Amino acid sequence: MSPVPQESPDPGSATRIAEHCARLFQQALAGRLIAAYALGSLAHGGFAPAVSDIDLALVLTDRRPDDDRVIHRVTRDLQSKDRSYRRLSAFWSSLPALRANRDDGRFPAVDRLDLKKSGVLLLGEDVRRDVAQPGADALLTDSVRFALEILAADPVQDEFHDPARLASDITRFTKAVLLPLRCLCTAATADPGSTDDAVRHHPAQPSPVAAELVRAATRARHGHPDSAEHLTALLHAGLVPLYVHYIDSCLAGLTPADADLAQGLGHWRTQLLARHTGQEAGR
């Protein structure tokens, strides 16, 4: 394989990284890998060399108890190769689970929809026709579970309330600002779309929240970040209101059957506002 850039891979080199990773997963899984696909911006366009992940989907013949350990080990080893490989994000599940519109590994509904609609086969047999398409309810509830598990976790919340730290890492900054827009756009359109689609969708809404912060994150995503001082000020003003808007939008779409998710979102909302109010009082 030709040498891969150490930083900021373009779509072509990112695809070669994904292909190389797929072959190593194939070896590690001892013939149980049916297919490997590029997902996300590598599949449907909009790959941003400065910040985009290299999304790789793995479809397995079946689910075995040590799959988590094996896939985590291979992912960790690949991510340690260099800064470009650190972008790798692996999704995986068995084909029987994907046929039944669920995952038994790590394959959220929005990524299953992305596989169904836009997955680009890298190796193996194309099985997209066998993958069930998630509905709007699953897209919303899966995204809320992800947000509560990852974004509402204490370490991430600490970062949210330390804007100078967040502004110093352009990749984390852009994800923090643009990820909730992706989730809202997918919930509204029932389409995985792209980050660029989500950015276009946001200002089209009545009174878009944190519009200046979103524009700054878009510039940073395309390799033109504002100064850290300016990003810090925008984060102070707009990040918590943006997430409160995200939470309120999700709450409006949940049903009584999702009471646990609604309770989690409500608790997260209270924490965000309490910490933001205390932070503002201390400035």
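Just above, that's the structure.
Residues numbered from 1 in each chain as written. Predicted model: local features only at pLDDT ≥ 70, side-chain atom pairs only at ≥ 80, totals over all residues. Heavy atoms only, no water.

1. A look at the packing of aromatic side chains
Line of reasoning, step 1. Throughout the structure, instances matching the rule amount to five aromatic pairs.
Line of reasoning, step 2. Each ring, one from Tyr-246 and one from Trp-268, has its centre 6.4 Å from the other, and the planes form 70 degrees; the classification is edge-to-face. Of this pair, Tyr-246 sits in helix 12 (residues 228-253) while Trp-268 sits in helix 13 (residues 259-282), and the two are 22 residues apart along the sequence. Comparing Tyr-246 with Trp-268, the two get one shared label, buried.
Line of reasoning, step 3. Above the face of the Tyr-85 ring, Lys-81 is positioned so that its terminal group lies 5.2 Å from the ring centre. (Phe/Tyr/Trp six-rings, centres within 6.5 Å; stacked < 30°, edge-to-face > 60°. Helix = DSSP H or I, 4+ residues; strand = E, 2+ residues; numbered from the N terminus. Buried < 20%, exposed > 50% of the residue type's maximum accessible area, 1.4 Å probe, protein only. Lys NZ or Arg CZ within 6 Å of the ring centre and 35° of its normal.)

2. Brief notes about the side chain of Arg-87
Line of reasoning, step 1. Assignment of secondary structure puts Arg-87 in the loop between helix 3 (67-79) and strand 3 (88-94).
Line of reasoning, step 2. Buried charge Arg-87 goes without a salt bridge, the closest partner of opposite sign being Asp-53 at 6.1 Å.
Line of reasoning, step 3. A polar atom in the side chain of Arg-87 sits 3.2 Å from the backbone oxygen of Ala-50.
Line of reasoning, step 4. Discounting chain neighbours no more than four positions away, the residues touching Arg-87 are Ser-8, Pro-9, Phe-47, Ala-48, Pro-49, Ala-50, Val-51, Ser-52, Asp-53 and Ile-54. (Lys, Arg positive; Asp, Glu negative; His and termini not counted. Salt bridge = Lys/Arg side-chain N within 4 Å of Asp/Glu carboxyl O. Polar contact = N/O pair within 3.5 Å; in protein donor to acceptor, adjacent residues only side chain to side chain. Contact = heavy atoms within 4.5 Å.)

3. Structural notes on the pattern of salt bridges
Line of reasoning, step 1. If you walk through the whole model with that rule in mind, you get 19 salt bridges.
Line of reasoning, step 2. We note a salt bridge from Asp-142 to Arg-145, for which the minimum N-O separation is 3.6 Å. You can see Asp-142 and its partner Arg-145 sitting in helix 6 (residues 136-151), three residues apart, about one turn around the helix.
Line of reasoning, step 3. Its salt-bridge partner being Glu-159, residue Arg-172 comes within 3.0 Å of it at the nearest N-O pair. Placement of the pair is Arg-172 in helix 9 (residues 170-189) and Glu-159 in helix 7 (residues 154-160), with a sequence separation of 13 residues.
Line of reasoning, step 4. When its relative accessible area of 7% is taken as the criterion, Glu-159 is described as buried.
Line of reasoning, step 5. Each of Arg-32, Asp-62, Arg-64 and Asp-67 takes part in a single network of salt bridges with overlapping partners.

4. Concerning the packing of helix 1 (residues 11-28) against helix 3
Line of reasoning, step 1. It is at 10 Å that the axes of helix 1 and helix 3 come closest, and there the two elements cross at 145 degrees. The handedness of the crossing between helix 1 and helix 3 is right-handed. Listed contacts from helix 3 to Cys-21, Leu-24, Phe-25 and Ala-28 of helix 1 are Val-70, Ile-71, Arg-73, Val-74, Thr-75 and Leu-78.
Line of reasoning, step 2. Residue composition of the contact of helix 1 with helix 3, grouped by class: eight nonpolar, one polar and one charged. (Axes fitted to C-alpha atoms, helices over the stretch in contact; angles between N-to-C directions. Left-handed = near helix turned anticlockwise from the far one by under 90°. Nonpolar A, V, L, I, M, F, W, Y, C, P; charged D, E, K, R; others polar.)

5. Brief notes about the layout of surface pockets
Line of reasoning, step 1. When its volume is computed, the second largest pocket comes out at roughly 250 Å³.
Line of reasoning, step 2. Every residue lining the second largest pocket is counted, 16 residues in all, and those nearest its centre are Leu-184, Cys-185, Ala-188, His-201 and Ser-249.
Line of reasoning, step 3. Elements with a contribution of two residues or more to the lining of the second largest pocket: helix 6, helix 9, helix 10 (195-201) and helix 12.
Line of reasoning, step 4. Broken down by element, the residue count for the lining of the second largest pocket peaks at five residues, all from helix 9. (1 Å grid on protein atoms, 1.4 Å probe; cavity = no way out; pocket = protein on both sides within 12 Å on 5 of 7 lines; lining within 4 Å. Points joined across faces, edges and corners; volume = space filled by probe spheres on them.)

So, to be careful, I would describe these as geometric facts and stop short of saying anything about function.
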